[in-house]
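Report on the structure
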Amino acid sequence: MSTTHHYRSNLRDTFFNLFEFLDVGRTTLGHGPYTSFDEATARETLTAVERVCREELAPSWAESDRDPTHMDAQGNIVLPDALKRAMNAFYDGDWHRYEIPTHLGGFGAPPSLVWGSFEMVVGANANAGYYLFGSFIARVIDRLASDAQKARYLPQMIERRWGGAMVLTEPDAGSDVGAARAKATHVAGDEWHIEGTKRFITNGDYDLAENIVHLVLARPEGAGGGTKGLAMFIVPKYWVEADGTMTERNGWACTKLEKKMGLKSSATCEIVYGGDKPARGLLVGDRHDGIRQMFHVIENARMAVGMKSLSTLSTGYLNALAYTRDRVQGADLPRALDKTSPRVPIIRHADVRRMLMAQKAHAEGLRALALYVAHIQDKVEILGGHGSAEAAQLDALNDLLLPLVKGYSSEKAFELLTLSLQCFGGSGYVQDFPIEQYLRDQKIDTLYEGTTHIQALDLFFRKIARDGGATLQYLQERVAESLTSGELNLPELAHERAALVTAAEDLKSIFMSMLGKATESVHHVGLQGNRILFALAEVVVGWLLLRHAALALKKLPEATGDDRAFYQGKVASARWFARNVLPGVGHARALIEASSLELMEMPDECFG
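First, a word on scope: everything that follows refers to the structure included in this document. (Residues numbered from 1 in each chain as written. Predicted model: local features only at pLDDT ≥ 70, side-chain atom pairs only at ≥ 80, totals over all residues. Heavy atoms only, no water.)

Description of the overall build of the protein
For clarity, the threshold we go by: Per the convention used, a helix needs a DSSP run of H or I reaching at least four residues, while a strand needs a run of E reaching at least two, with both numbered from the N terminus. Each residue gets one of three labels from its accessible area relative to the maximum for its type: buried under 20%, exposed over 50%, partly exposed in between, using a 1.4 Å probe on protein chains only. Values of accessible area rely on a 1.4 Å probe in the Shrake-Rupley scheme; residue burial ignores everything except the protein chains shown. Here Asp and Glu are counted as negative and Lys and Arg as positive; His is not counted, and neither are the chain ends. Working definition for charges: the position is that of NZ of Lys, CZ of Arg, CG of Asp or CD of Glu.
Helices and strands together make up the secondary structure of the protein, namely 19 helices and 14 strands. Summarising its shape, the C-alpha atoms of the protein cover approximately 80 × 60 × 55 Å along the three principal directions. The buried share of the protein, reckoned over its 608 residues, is 58%. With the model as given, the accessible surface of the protein reaches about 24,400 Å², and the carbon-plus-sulfur share is 51%. Across the protein, the 65 positively charged side chains and the 76 negatively charged ones have centroids separated by 4 Å.

Laid out in structure tokens, this is it:
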């Protein structure tokens with residue numbers, strides 16, 4: 001097996017989610033802003049993206065790790081040639097236009113198709129995936145900027161393939177965004193000068209794009225402290241005049257390129273704004289509303305991280321599966337004492353099958369969760385978009401589920417990729433196979449765009465407590481509807497349905513218990529927040545997998561060949577998850593109900 005063509009997609013499962021389960025051909029395509037797509041077109045474009053990812057992006061993946069991005073003597077960030085060739089092939093196919101709305105000359109694909117394609121891009125080469133962020137930055141400018149700013153930036157950002165980056169983190173502030181010190185001084189109109197240092201900026205500078213547009217959080221002169229005092233600015237690498245003309249180099253520079261554990265060709269930059277030359281920027285929309293505006297970027301980035309994690313787990317699993325089918329070692333366990341027994345492929349060994357099913361069920365479950373959220377985003381746009389009154393409830397549901405997509409997916413993917421490696425045995429630890437790089441490239445997902453615990457605190461305080469649990473209740477009612485409507489009332493799923501009923505009740509008790517404990521001390525949320533996030537995620541994933549299984553059972557009588565095996569596999573994934581994961585929600589409930597403050601009361605010296 002070669003790392004050159006490491007990537008193994010699961011387009012069949014993506015199609016099942018989109019066109020059989022979510023039925024986007026009927027519920028999304030042809031509605032609202034998505035009239036340019038029908039189901040046949042959607043299937044064709046996703047198939048074409050898969051081919052580009054497999055044939056163009058994937059071959060550059062290992063080489064981009066072995067010959068990584070570097071900073072030359074002049075301070076330029078230089079990408080490896082293999083990565084440039086791969087990205088140019090993607091651009092040459094106009095795939096960067098897939099997510100761009102039709103009024104800007106794009107394909108106008110809905111979120112469900114965009115995220116389905118993005119999964120394949122970051123699975124094939126995650127380094128490349130984030131260099132393609134310019135298309136999303138263009139969409140943010142289209143949504144939030146003034147008409148003059150849109151005219152100034154959007155045509156060339158899309159036509160000339162400009163890059164883009166979100167710029168939040170500072171060396172001293174870290175995840176405490178409200179402690180940011182970068183300052184903005186007003187010049188005239190919507191022009192400001194930005195001054196300060198930003199750190200850990202993903203793909204903040206590189207030599208493939210002729211211009212790179214930063215969305216920067218900074219504190220305007222005279223503004224208050226905390227996140228509410230921040231504003232967001234468009235700060236390009238090369239200044240763009242009002243007529244769209246690109247002119248002189250702007251006053252910012254990458255002063256350091258981080259040397260990292262993984263994603264070695266994704267340029268993680270330290271950037272200094274101002275100094276010898278002003279860093280000129282435009283106040284986005286001429287409105288001092290930075291943190292609210294930046295959350296459009298942050299939440300997209302968190303979704304992207306979740307997609308990257310599930311995609312890496314999925315291809316890791318499929319690589320492990322292929323290896324276990326080919327690798328012959330040992331006798332079947334019941335005949336192990338008979339030295340004349342034939343040697344068998346290791347997929348016949350019970351422990352290997354256990355590890356494979358854990359990977360399969362979670363990879364499918366995480367994809368189900370992410371595409372379910374993507375479909376909610378479809379509906380939000382059809383109903384008027386983010387912030388519209390008609391879409392308010394679905395908008396809130398999307399917000400509630402994003403910490404699960406990012407936090408749970410990133411944690412479980414790393415945990416389960418270790419099982420992918422274990423299936424290879426010692427061969428998984430060497431670079432002849434892709435798993436060791438998958439682990440290195442994926443680990444960052446639990447850390448950036450907010451660590452797992454930041455996701456947990458966001459879930460509890462911003463997504464649940466802020467609306468008095470109304471959105472959580474709405475989600476729980478959707479689960480209850482499935483349990484009472486007859487959708488899941490199939491004799492073949494009786495045990496699994498009962499497990500979901502129990503887990504859903506345990507989840508309700510978890511939140512009731514934590515509301516009381518949080519009144520005693522919010523330290524309980526700090527101590528138990530990750531456990532709460534995981535419990536909610538596992539109930540939602542278990543619910544979706546069970547619904548998948550119910551649909552698969554209905555299709556099985558008419559299915560043949562590969563389709564029959566696929567549907568049988570969907571039922572098996574749901575059964576395994578219900579029997580092996582959902583009971584853990586009850587265990588989490590017991591631990592949360594027993595939560596105490598002893599750890600917080602213990603003197604710091606005791607850690608010595």
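Overview of unusual backbone geometry
A positive phi angle, near 55°, is found at aspartate 23, a position not held by glycine. Relative to the elements of secondary structure, aspartate 23 occurs in the loop between α1 (11–21) and α2 (24–27). The phi dihedral of aspartate 94 is positive, around 65°, even though this residue is not glycine. By the element assignment, aspartate 94 lies in the loop between α5 (81–92) and α6 (111–131).

Observations regarding helix α11 (residues 392–424)
Defined as follows: Here a helix's expected span is defined as the number of its residues, less one, multiplied by 1.5 Å. To get the bend at a given residue, fit one axis to the seven residues ending there, fit another to the seven starting there, and take the angle between those axes.
Under the 1.5 Å per step criterion, the end-to-end length of α11 is 47 Å for 33 residues, consistent within 8% with the ideal 48 Å. Where α11 bends most, at leucine 401, the angle is about 30°, and the proline proline 403 comes one to four residues later. Most of α11 sits out of view: 25 of its 33 residues are buried. Just downstream of α11 lies glycine 425, where phi reads positive at about 65°.

Focus: the pattern of salt bridges
Note the threshold: A carboxyl oxygen of Asp or Glu within 4 Å of a side-chain nitrogen of Lys or Arg is what we treat as a salt bridge.
Enumeration according to the criterion identifies 46 salt bridges in this entry. We note a salt bridge from glutamate 39 to arginine 43, for which the minimum N-O separation is 3.1 Å. Taken together, the positions of glutamate 39 and arginine 43, both in helix α3 (residues 39–57) and 4 residues apart, correspond to about one turn of that helix. Given the relative accessible area of 30%, arginine 43 is considered partly exposed. Of the charged contacts in the structure, one is a salt bridge between arginine 440 and glutamate 436, with a shortest N-O distance of 2.9 Å. Of this pair, arginine 440 and glutamate 436 both sit in helix α12 (residues 435–442), separated by 4 residues, roughly a single helical turn. Taking relative accessible area as the criterion, glutamate 436 reaches 12% and is therefore assigned buried. Among the charged side chains, a salt-bridge network with shared partners connects Asp13, Glu119, Lys360, Glu364, Arg367 and Lys570.

So, helix α17 (residues 561–580)
In plain terms, the rule: It only takes one pair of heavy atoms within 4.5 Å for two residues to be counted as in contact.
Between its terminal C-alpha atoms α17 stretches 29 Å, which fits the 28 Å expected from 20 residues at 1.5 Å a residue. Of all the residues in α17, the buried ones are Phe566, Tyr567, Gly569, Lys570, Val571, Ser573, Ala574, Trp576, Phe577 and Ala578. Buried residues along α17 sit in contact with α1, α10 (350–382), α11, α15 (494–520), α16 (523–555) and α18 (583–593).

So, the packing of α5 against α6
Keep this limit in mind: Where helices are involved, their axes are fitted lines through C-alpha atoms of the stretch in contact, as for all axes, and angles between N-to-C directions lie from 0 to 180°. Note on terminology: angles under 35 degrees are roughly parallel, angles over 145 are roughly antiparallel, angles of 65 to 115 are roughly perpendicular, and the others are oblique.
Packing of α5 against α6 brings their axes to within 10 Å, and their N-to-C directions diverge by 95°. With respect to α6, the element α5 is oriented roughly perpendicular. Residues Leu83, Met87, Phe90 and Tyr91 of α5 pack against Val121, Asn125, Asn127, Ala128 and Tyr131 of α6.

Here we look at the environment of phenylalanine 433
Here phenylalanine 433 shows up in the loop between α11 and α12. Assessed through its relative accessible area of 13%, phenylalanine 433 is described here as buried.

Looking at the state of the cysteines
To keep it simple, the criterion reads: Two cysteine sulfur atoms form a disulfide, by the criterion used here, when they sit within 2.5 Å.
On inspection of all chains with the given rule, the structure shows 0 disulfides. Cysteine 254 takes part in no disulfide bond, and the closest cysteine sulfur, belonging to cysteine 269, lies 3.7 Å away. Looking at cysteine 254, the relative accessible area reads 7%, which means it is buried.

Quick notes on the pairing of strand β4 (residues 183–188)
Stated formally: Between any two strands, pairing holds if DSSP finds at least two bridges.
Where β4 meets strand β5 (residues 191–202), 5 bridges bridge the pair, whose relative direction is antiparallel. Across the sheet, the residue bridging to alanine 184 is isoleucine 194, located in β5. Count of turn residues in the β4/β5 antiparallel hairpin: 2 residues, of which glycine 189 carries a positive phi of about 60°. Direction of pairing for β4 relative to strand β6 (residues 212–220): parallel, over a ladder of 2 bridges. Following the sheet pairing, lysine 183 is matched in β6 by arginine 219.

Some thoughts on the nonpolar core
Selection criterion: In this text, buried Ala, Val, Leu, Ile, Met, Phe, Trp, Tyr and Cys residues form a nonpolar core when linked through side-chain atoms within 4.5 Å.
The biggest cluster of nonpolar side chains holds 172 residues, and the ones touching the most others in it are Leu113 and Ile194. Ranked by the residues each element gives to this core, the list is headed by α16, at 18 residues. Ignoring anything within four residues of it in the chain, the contact list for leucine 113 reads Leu18, Phe19, Leu29, Phe37, Ala42, Leu46 and Tyr98. Core analysis: the second largest hydrophobic core is formed by 32 residues, Met157, Trp162, Val213 and Trp239 among them.

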